[in-house]
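Notes for the structure review
Letter by letter, the chains look like this.
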Amino acid sequence: MRDQNENRSTNCNLNPFKDVENEQETIQTNLIHLRVLQRTGRKRITIVEGLSDKLDLKKILKSWKKEFHVNGSVIDDDPKYEGAILKISGDCRQVISDFLINEGLAEASQIKVHGA
């Protein structure tokens, strides 16, 4: 009988309403901005800004090049943007957004798509 009382007291210390999401470590904490810039004529460039420093940007860019059939580069020292950015040829905002969500790198609420 005493063992059952001890088990009850230890179970009472557990909080069933505690946020489970706070315990999990998330890679992405800030917003990811997806922008498109008009180059010359019909040419466009997609800029991805705000990816976490913990991610291997070169590996992500390599997979995007193969999957989306685009060219791109990682730029570390652009004074216009904070942190490293990815520049990709073409308007790839939607496919990049879908990729980040499907791979679990970011949630939909963390991605901000600029432009129409």
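To be clear, the structure that these remarks concern was listed above.
What comes next is a walk through the structure. (Residues numbered from 1 in each chain as written. Predicted model: local features only at pLDDT ≥ 70, side-chain atom pairs only at ≥ 80, totals over all residues. Heavy atoms only, no water.)

**Some points on the overall build of the protein chain**
- Tallying secondary structure elements over the protein chain gives 3 helices and 5 strands in all.
- Beginning at the N terminus, the succession of helices and strands in the protein chain can be written as α-β-β-α-β-β-α-β.
- Within the protein chain, residue pairs in contact and separated by at least 24 positions form 52% of the contacts whose partners lie at least 6 positions apart.
- Per element, the accessible surface of the protein chain, about 8800 Å² overall, is 47% carbon and sulfur. (Helix = DSSP H or I, 4+ residues; strand = E, 2+ residues; numbered from the N terminus. Contact = heavy atoms within 4.5 Å. Areas by Shrake-Rupley, 256 points an atom, 1.4 Å probe, with all protein chains shown as cover.)

**Remarks on the packing of aromatic side chains**
- The final tally for this structure, using the stated rule, is 3 aromatic pairs.
- Ring centres 6.5 Å apart and planes at 35 degrees place the aromatic pair Trp-64 and Phe-68 in the tilted group. Taken together, the residues Trp-64 and Phe-68, both in helix H2 (residues 57-68) and 4 residues apart, mark about one turn of the helix.
- Given the relative accessible area of 1%, Trp-64 is considered buried. (Phe/Tyr/Trp six-rings, centres within 6.5 Å; stacked < 30°, edge-to-face > 60°. Buried < 20%, exposed > 50% of the residue type's maximum accessible area, 1.4 Å probe, protein only.)

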